[in-house]
Amino acid sequence: LVAFFTVNSALHPIMSLVNRHIDSGDNTVVLSNDYNPNNDDGMFSGGRVDYFMYPPVMLRHNLRGRHVDWYSNATLDQTLDALKDPQYKNIVFIGHGSRTSYDAANGVLAVKNLNHLAEEIPIRDGDFAQHTCGGWREGTSLREFLYPTSDSGDVGFDRDVNVYENYALAWIGVIGS
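Description of the structure in this document. All values reported here derive from a predicted model rather than from experimental measurement.

1. So, the sheet that holds strand β1 (residues 27-32)
Line of reasoning, step 1. On the basis of which strands lie adjacent, the open sheet formed by four strands has the order β2-β1-β3-β7 and parallel pairing. Strands at the two margins of the open sheet, each flanked by one partner only, are β2 (67-72) and β7 (128-132). This sheet shows a mean twist of 15° between the axes of neighbouring strands, independent of strand direction.
Line of reasoning, step 2. With six bridges joining them, β1 and β2 adopt parallel strand pairing. Among the inter-strand pairings, Val 30 is bridged to a residue of β2, identified as Trp 70.

2. Some thoughts on the pairing of strand β6 (residues 107-110)
Line of reasoning, step 1. The pairing of strand β5 (residues 101-104) with β6 spans four bridges and is classified as antiparallel. The residue bridging Tyr 102 from the neighbouring strand is Leu 109, located in β6.
Line of reasoning, step 2. Two successive antiparallel strands, β5 and β6, enclose a turn made up of two residues.

3. Examining unusual backbone geometry
Line of reasoning, step 1. Of note in this structure, Asn 73 is not a glycine but carries a positive phi near 50°.
Line of reasoning, step 2. Structurally, the position occupied by Asn 73 is in the loop between β2 and α3 (76-84).
Line of reasoning, step 3. With relative accessibility at 37%, the residue Asn 73 sits in the partly exposed group.

4. Notes on helix α6 (residues 163-175)
Line of reasoning, step 1. Within the span of α6, buried status applies to Asn 166, Tyr 167, Ala 170, Gly 173 and Val 174. One side of α6 holds all its buried residues, which, seen down the axis, span an arc of 120°. For α6, exposure combined with an orientation more than 90 degrees from the buried face picks out Tyr 164, Ile 172 and Ile 175.

Cut-offs and rules
- Residues numbered from 1 in each chain as written.
- Predicted model: local features only at pLDDT ≥ 70, side-chain atom pairs only at ≥ 80, totals over all residues.
- Heavy atoms only, no water.
- Pairing = 2+ DSSP bridges.
- Helix = DSSP H or I, 4+ residues; strand = E, 2+ residues; numbered from the N terminus.
- Axes fitted to C-alpha atoms, helices over the stretch in contact; angles between N-to-C directions.
- Buried < 20%, exposed > 50% of the residue type's maximum accessible area, 1.4 Å probe, protein only.
- Arc of directions from axis to C-beta.

Here it is in structure tokens:
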């Protein structure tokens, strides 16, 4: 256990340094948050979520030559700005949400609320990952809305998932696809 925390802690500054030197034009935005409107028990504070998810997510994208911009406790405005920005081919959501939504720091961003912005949000062909613990919801998923012509590199769910599964999927993503 001590070795795990030591390695995980050591990876943070190493990955940050590596990321600063990547300028391939293939960019990823990570929107990380612990917002939960129903129950904020403090267990998954933004710092803890970022501490565990930063190494595998950064490794996945940096090993593929992608620069990563990471937004901790991303607000609705930051999330919308990132979704509208064509420089981000790859999008990663971390925190709370459902198949059709993402919980930003100050509210919920749902596909049904994005439809009126469809012309402002570019169609992407990169990787999409949704490491959220939310459950299944009927309707168009975030992936289907943001990547209507592609499904490469997907990390998502079609059932309720927990934080441990999301963490394992993040590490599997380092070596997969």
